[in-house]
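Summary of the model geometry
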Amino acid sequence: MRTEAIDRVTLVFSLFDANGNGHLDPEDFELMASRVTAAAEGSGEGARARMSAAFQRYWETLEAELDADGDGRITLEEYRACVLAPERFSGTVREFAEALAALGDPDGDGAIERPLFTALMRAIGFAGPNIDALFDAFEPDGEDRIAVATWVAGIEDFYAPDKAGIPGDHLVGAAV
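Definitions and limits used
- Residues numbered from 1 in each chain as written.
- Predicted model: local features only at pLDDT ≥ 70, side-chain atom pairs only at ≥ 80, totals over all residues.
- Heavy atoms only, no water.
- Helix = DSSP H or I, 4+ residues; strand = E, 2+ residues; numbered from the N terminus.
- Polar contact = N/O pair within 3.5 Å; in protein donor to acceptor, adjacent residues only side chain to side chain.
- Contact = heavy atoms within 4.5 Å.
- Salt bridge = Lys/Arg side-chain N within 4 Å of Asp/Glu carboxyl O.
- Buried < 20%, exposed > 50% of the residue type's maximum accessible area, 1.4 Å probe, protein only.
- Core = buried A, V, L, I, M, F, W, Y, C linked by side-chain atoms within 4.5 Å.
- UniProt positions renumbered as here; feature names shortened; annotations may be inferred.

- As recorded in an unreviewed UniProt entry, the chain goes by the name Calcium-binding protein, listed as coming from Streptomyces bauhiniae.

Given below as structure tokens:
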């Protein structure tokens, strides 16, 4: 696993620990779902429900795959050891990515505008300068929009253990 992937995993763990108790549990994913769906200005109930369901599935997959001691919590060590196994998580990551991108495209035109992208990423917990660097790395069009497919692919790349030098690396550490 590449160092960049480990850094991305560590960051995601810290963000998903929404209640700050040092481990992941169902409450974290409920909190995160409520924050993200609240930031989804203009999105309909269907898209919000899909996002909430994706967070629920994400938790259920983590618990089933990573909760080695069966205590209903995922520690950083458990998370880091297995989460970047594409064969175990690709379906869950794809569902999550598609649901998040759908929230970013409430009018269904296939494009995500920077303000809503920023609001959703801030709701997850990413830092403003890093969000801007990521959006710019996705090469927005002349109207400052990115394609839904670009964001979905970017999220999937973020979870790939063999990827480095990807747009998602802008979310880790200081913005470049």
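There is more to say, and it comes next.
1. Comments concerning the side chain of Arg-8
- Within the element layout of this structure, Arg-8 appears in helix H1 (residues 3-16).
- There is a polar contact of 2.7 Å between the side chain of Arg-8 and the backbone oxygen of Phe-158.
- Not counting the four nearest positions on each side in its chain, Arg-8 is found in contact with Asp-157, Phe-158, Ala-160, Lys-163, Ala-164, Ile-166, Asp-169 and Val-172.

2. Overview of the pattern of salt bridges
- Counted under the stated rule, the structure contains 13 salt bridges.
- The partner of Asp-132 in a salt bridge is Arg-114, and the shortest N-O contact between them spans 3.7 Å. Of this pair, Asp-132 sits in helix H7 (residues 128-137) while Arg-114 is found in helix H6 (residues 114-124), placing the two residues 18 residues apart along the sequence.
- Classification of Asp-132 by relative accessible area gives partly exposed; the value is 33%.
- For Arg-114, a relative accessible area of 16% corresponds to the buried category.
- Among the ionic pairs, Glu-143 bridges to Arg-145, the shortest N-O distance being 3.9 Å.
- On the basis of relative accessibility, which here comes to 19%, the residue Arg-145 falls in the buried class.
- Look at the salt bridges and you will find they share partners, linking Arg-50, Arg-94, Glu-98 and Glu-156 into a network.

3. Describing the environment of Val-152
- Along the chain, the position of Val-152 falls in helix H8 (residues 148-158).
- The class for Val-152 is buried, based on a relative accessible area of 7%.
- As a C-alpha pair, Val-152 and Ala-101 span 51 residues in sequence and 6.4 Å in three-dimensional space.
- If we skip the residues at most four places from it in the chain, Val-152 touches Arg-94, Ala-97, Glu-98 and Ala-101.

4. Structural notes on the nonpolar core
- By size, the foremost hydrophobic cluster in this structure holds 50 residues, and its most contacted members are Phe-16, Val-36, Leu-62, Tyr-79, Phe-117 and Trp-151.
- Looking at this core element by element, the count peaks at 8 residues for helix H5 (residues 86-103).
- In this view, Tyr-79 contacts Val-9, Val-12, Phe-13, Phe-16, Leu-24, Tyr-58, Leu-62, Leu-66, Ile-74 and Tyr-159; residues no more than four positions away in its chain are not counted.

5. Structural notes on the UniProt feature "domain: EF-hand" (unreviewed entry) in the chain
- According to UniProt, the "domain: EF-hand" (unreviewed entry) feature falls on residues 4-39 and 54-89.
- Note that residues 4-39 is 75% helix and 0% strand, and that its end C-alpha atoms are spaced 28 Å apart.

6. Quick notes on unusual backbone geometry
- Notably, Glu-139 is not glycine yet its phi reads approximately 55°, a positive angle.
- Its place among the elements puts Glu-139 in the loop between H7 and strand E2 (145-147).
- By relative accessible area, Glu-139 is classed as exposed at 68%.
- Unusually for a residue other than glycine, Asp-144 sits at a positive phi of about 60°.
- Of note, Asp-144 is situated in the loop between H7 and E2.
- Judged by relative accessible area, which is 29%, Asp-144 ranks as partly exposed.

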